[in-house]
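Chain by chain, the residues:
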Amino acid sequence: MYSSTMSPFSKTTLDINKLYVSSSYSNKISDEGEAGPEKAEEALLTKTGSGVSPRDSAFEAAQSEDADPEASPTKSPTTPKLVRGKNSSEFPLFSYNNGVVMTSCRELENSRSSALSAASAFAIATAGANEGTPTKEKYRRMSLASPGFPSDQRNSDKEFVIRRAATNRVLNVLRHWVSKHAQDFETKAELKYKVISFLEEVMHDPELLTQERKAAGNIIRTLTQEDPGDNQITLEEILQMAVGVKAEPFENHSALEIAEQLTLLDHLVFKTIPYEEFFGQGWMKVEKNERTPYILMNTKHFNDISNLIASEILRNEDMAARVSTVEKWVAVADICRCLHNYNAVLEITSAFNRSAIFRLKKTWMKVSKPTKAVIDKLQRLVSSEGRFKNLREALKNCDPPCVPYLGMYLTDLAFIEEGTPNYTEDGLVNFSKMRMISHIIREIRQFQQTAYKIEHQAKVTQYLLDQTFVMDEEGLYDASLKIEPKLPT
């Protein structure tokens, strides 16, 4: 004798033709007309004598049963005669122990128990995966799909399985939406209210399984709980605090304070960009102000900080003061690198590379060699060579929070949009292109969602946002010529 077990929690594919229901009461039920065991033995011996094994005779007996007119379209084994007509409540349909359904080929020979249909097997597998150890009542309900029961009961069981599968699919979609695209619900209160109302209505379903009810509750908690980043000061609050306030000079702030507050500002500006603005190269269209206002705000902030740094260097007519200012901004850039604020690193290095600053040969000669070495290291990090190869490697190896350089991603998106068609030659949607765009936006969202734990210092941010002494490109070059005039040719 041998036996095999199958757990309803197992991911092993169910073989419908080999999954049978064993019953400890089947031996007590005789065939029609209460035929004694002698006749059954005699028939079996006859077949054995003719070269047919007992196992083959049992298989033939199971196959020779009268065809049920309401058999399942999957052609699953029919319910044997010795089970038909019996009250299902008189004996258990399953032999189970701690959630394990017991099956045995020898028990099949002895008792010729009823076989499960495909729908019953699927119901057992899904119920076991969702609720742990099934109860007798659940097994009884799941077995209604077998051909031995009336069609209305089987249809009811089939509808139950379909409803459960549909519910799980809907809950999985909502869970993914809420966890991966939380910004949709942060900016659209009506959408958030409708989803919560829908989930609360689903939870009132009396047939909802325990696992499904728990999943719906988790989604509601995710939507209603306060984001830890909500306690962080907002960009609007910082901008409001800087209005009409006279900023303290650059010399009053340390390099560490400037680096931290610049990182806080950069991330808040970067965080506000909704992912819808990354579609369709809206930042390059005529109507870019309407389509991508937050991307344009990020670009303006980048240019404003770069102009601020250049203006701060050129406002010092004294050579030593200019050199000190350059070295201090280099220290700020290096601290920003340690904070994973690569956007600020590029803001500062791009200010050094502007023509009005780069031409100051006498000033750069006074800058120390260690400072120049740091500048070279930072410029290699954010260099555009090889499609920002070094910067991509740094982003790959760093953990959030992080402020990447947005221009790199915008270049990638423009390259994909222009170089890859939306539809294939067969007129189908080019999902390969959509996946590439989705990958870039997912990386951006990852950096947006993790906030810095930096305490806001109003005096520093007021200086960084102060544009009263900032010069434009023409003013910067004029100031540069005044400090170091062109040599006569």
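Keep in mind that what you see is a predicted model, and the values were worked out from it rather than measured.

Colleague: Before we go on, may I ask you to explain the overall build of the protein chain in this structure?
Modeller: Broken down by element type, the protein chain carries 23 helices and three strands. Among the 489 residues that make up the protein chain, the fraction classed as buried is 40%. For the protein chain, the exposed surface amounts to about 28,200 Å²; the carbon and sulfur share of it is 54%.

Colleague: How do you make sense of helix α22 (residues 458–465) when you look at a structure like this?
Modeller: Two residues of an α-helix separated by three or four positions point the same way, owing to the 3.6 residues in each turn. Where α22 is concerned, the buried positions are Val460, Thr461, Gln462, Tyr463 and Leu464. Where α22 is buried, its residues touch α10 (235–242), α11 (255–271), α13 (293–314) and α14 (319–338).

Colleague: I tried to follow the packing of aromatic side chains on my own but got confused; where do I start?
Modeller: Centre-to-centre distance and the angle between the planes together describe a pair of aromatic rings. For the structure shown, the criterion picks out seven aromatic pairs. For the pair Phe388 and Tyr405, a centre-to-centre distance of 5.7 Å together with 50 degrees between the ring planes defines the contact as tilted. Taken as a pair, Phe388 in helix α19 (residues 385–397) and Tyr405 in the loop between α19 and α20 (406–419) lie far apart in primary sequence, 17 residues in all. The residues Phe388 and Tyr405 share a single accessibility class, namely buried. For the cation-ring pair, Arg315 lies above Phe469, with the distance from its terminal atom to the ring centre recorded as 4.2 Å. Directly above the ring of Phe250 sits Lys328, whose terminal nitrogen or CZ lies 4.3 Å from the centroid.

Colleague: Looking at this structure, I do not really get the pattern of salt bridges. What am I missing?
Modeller: Any two side chains of opposite charge can pair, on the condition that their charged atoms come close. Tallying each qualifying case throughout the model produces 13 salt bridges. A salt bridge links Glu287 to Arg291; the shortest N-O distance between them is 3.4 Å. Relative accessible area serves as the criterion here: at 36%, Glu287 is assigned to the partly exposed category.

Colleague: Would you explain empty space enclosed by the protein in this entry?
Modeller: One way to see where empty space is left: roll a probe the size of a water molecule over the atoms. For the coordinates displayed, the defined rule picks out three cavities of 30 Å³ or more. Counted as a void, the second largest cavity has a volume near 50 Å³. In terms of lining, the second largest cavity is formed by Asp266, Val269, Phe270, Asn298, His301, Phe302, Asn343, Glu347, Val403, Pro404 and Leu406. Contributing elements (two or more residues each) for the lining of the second largest cavity: α11, α13 and α15 (342–352).

Colleague: How should unusual backbone geometry be read in this particular structure?
Modeller: Looking along the chain, the bond that leaves Pro400 and enters Pro401 is cis, with omega of 10 degrees. With respect to the helices and strands, the residue Pro401 is situated in the loop between α19 and α20. Backbone geometry at Gln281 places phi at a positive 50 degrees, although glycine is not the residue there. Within the secondary structure layout, Gln281 lies in the loop between α11 and α12 (288–291).

Colleague: Looking at this model, I keep getting lost on the packing of α14 against helix α18 (residues 369–381). Mind explaining?
Modeller: For any two helices packed against each other, the geometry comes down to the angle between their axes and how far apart the axes lie. As a packed pair, α14 and α18 sit with axes 10 Å apart at the nearest point and diverge in direction by 45 degrees. Taken together, α14 and α18 sit at an angle that is classed as oblique. Of the two possible hands of crossing, α14 and α18 adopt the one that is left-handed. Of α18, the residues touching α14 (which contributes Glu327, Val330, Ala333, Asp334 and Arg337) are Thr371, Val374, Ile375, Lys377, Leu378 and Leu381.

Colleague: Whenever I open this one, the environment of His181 confuses me. Can you help?
Modeller: Examined against the element boundaries, His181 turns out to sit in the loop between α6 (151–180) and α7 (183–187). Residue His181 is classed as partly exposed on the basis of its relative accessible area of 29%. With 94 residues separating them in the primary sequence, His181 and Tyr275 have C-alpha atoms 9.2 Å apart. Beyond its immediate chain neighbours, meaning those up to four positions away, His181 contacts His176 and Tyr275.

Colleague: Help me understand the packing of α11 against α14, please; the structure alone is not making it clear to me.
Modeller: Two elements in contact, α11 and α14, have axes whose closest approach is 9 Å; the angle formed by their N-to-C orientations is 50 degrees. Regarding the angle of α11 to α14, the classification is oblique. Note on packing geometry: the crossing formed by α11 with α14 is right-handed. In contact with Ala255, Leu256, Ile258, Ala259, Leu262 and Thr263 of α11, α14 contributes Lys328, Trp329, Ala331, Val332, Ile335 and Cys336. Of the residues assigned to the contact of α11 with α14, the class counts are 10 nonpolar, one polar and one charged.

Colleague: How should a nonpolar patch on the surface be read in this particular structure?
Modeller: Residues Tyr423, Val429, Phe431 and Met434 make up a contiguous nonpolar surface patch of about 410 Å² in total accessible area. Examined against the element boundaries, Met434 turns out to sit in helix α21 (residues 431–449). Assessed through its relative accessible area of 34%, Met434 is described here as partly exposed.

Colleague: How should the environment of Asn422 be read in this particular structure?
Modeller: Within the secondary structure, Asn422 is located in the loop between α20 and α21. With residues up to four places along the chain from it excluded, the contact list for Asn422 reads Glu417, Leu428, Val429, Asn430, Lys433 and Met434.

Colleague: Teacher, can you tell me more about the state of the cysteines here?
Modeller: Cysteine pairs can be linked by a disulfide, which is a covalent bond between their two sulfur atoms. For the structure on display, the rule yields zero disulfides. Looking at Cys402, it has no disulfide partner, and the nearest cysteine sulfur is the one in Cys398, 3.8 Å off.

Colleague: Is there a simple way to think about the nonpolar core in this case?
Modeller: The biggest cluster of nonpolar side chains holds 78 residues, and the ones touching the most others in it are Phe278, Trp329, Phe352 and Leu464. The biggest single contributor to this core is α11, with nine residues. With residues up to four places along the chain from it excluded, the contact list for Trp329 reads Phe250, Ile258, Ile309, Glu312, Ile348, Phe352, Tyr463 and Leu464. Counting residues in each nonpolar core, the second largest holds 11 residues, with Leu174, Val178, Leu199 and Ile220 among its members.

Colleague: Would you mind going over the confidence of the model for the protein chain with me for this structure?
Modeller: Detailed conclusions should not be drawn from predicted coordinates in areas where pLDDT is low. When pLDDT is averaged along the protein chain, the result is 76, and 67% of the positions lie at 70 or above. With pLDDT under 50 throughout, residues 1–134 is counted as low confidence; its partners more than four residues away or in other chains account for 158 contacts. Across residues 136–146, where pLDDT falls below 50, the model places 32 contacts with residues more than four positions away in sequence or in other chains.

Cut-offs applied
Residue numbers run consecutively from 1 along every chain, following the written order of its sequence. Per-residue local features are limited, in this predicted model, to residues with pLDDT of at least 70; the limit for side-chain atom pairs, both in listing and counting, is 80 or more; totals at the level of whole chains, interfaces and linings are taken over all residues. Computation of side-chain values: all heavy atoms of the structure, hydrogens and water removed. Put simply, DSSP marks the helices as runs of H or I at least four residues long and the strands as runs of E at least two long, and each gets a number from the N terminus on. Accessibility here uses a 1.4 Å probe with only protein chains present; expressed as a share of the type maximum, an area under 20% marks a residue as buried, one over 50% as exposed, and anything in between as partly exposed. Every accessible area reported is derived by Shrake-Rupley at a probe size of 1.4 Å, with residue values counting cover from the shown protein chains alone. Any pair of residues with heavy atoms lying within 4.5 Å of one another is described as a contacting pair. Ring geometry is summarised as follows: Phe, Tyr and Trp rings, the Trp one being its six-membered ring, pair when their centres sit within 6.5 Å, and such pairs are stacked at plane angles under 30 degrees, edge-to-face over 60 and tilted between the two. Either the NZ atom of lysine or the CZ atom of arginine qualifies as a charge over a ring when it sits within 6 Å of the ring centre and within 35 degrees of the ring normal. Salt bridges are identified by distance alone: a Lys or Arg side-chain nitrogen within 4 Å of an Asp or Glu carboxyl oxygen. Here a cavity is any set of points on a 1 Å grid over the protein atoms alone where a 1.4 Å probe fits but cannot get out, and a pocket is any open set with protein on both sides within 12 Å along at least 5 of 7 lines; a residue lines the site when it has an atom within 4 Å of a point. Grid points are joined across faces, edges and corners, and a volume is the space filled by probe spheres set on the points. Every axis corresponds to a line fitted to the C-alpha atoms, with the helix fit spanning only the stretch in contact, and the corresponding angles, defined between N-to-C directions, vary from 0 to 180 degrees. Each angle receives one of four descriptions, namely roughly parallel if under 35 degrees, roughly antiparallel if over 145, roughly perpendicular if within 65 to 115, and oblique otherwise. With the far helix as reference, a near helix turned anticlockwise by less than a right angle produces a left-handed crossing, and one turned clockwise produces a right-handed crossing. Put simply, Ala, Val, Leu, Ile, Met, Phe, Trp, Tyr, Cys and Pro go in the nonpolar bin, Asp, Glu, Lys and Arg in the charged bin, and everything else, Gly too, in the polar bin. For patch detection, residues must exceed 30% relative accessible area and be free of salt bridges, and they are connected within 9 Å for like charges or within 5 Å for nonpolar side chains (Val, Leu, Ile, Met, Phe, Trp, Tyr). Disulfides are defined in this document as cysteine sulfur pairs within 2.5 Å. The term nonpolar core refers to a set of buried residues drawn from Ala, Val, Leu, Ile, Met, Phe, Trp, Tyr and Cys, joined through side-chain atoms within 4.5 Å. Known as pLDDT, the predictor's per-residue confidence is scaled from 0 to 100.

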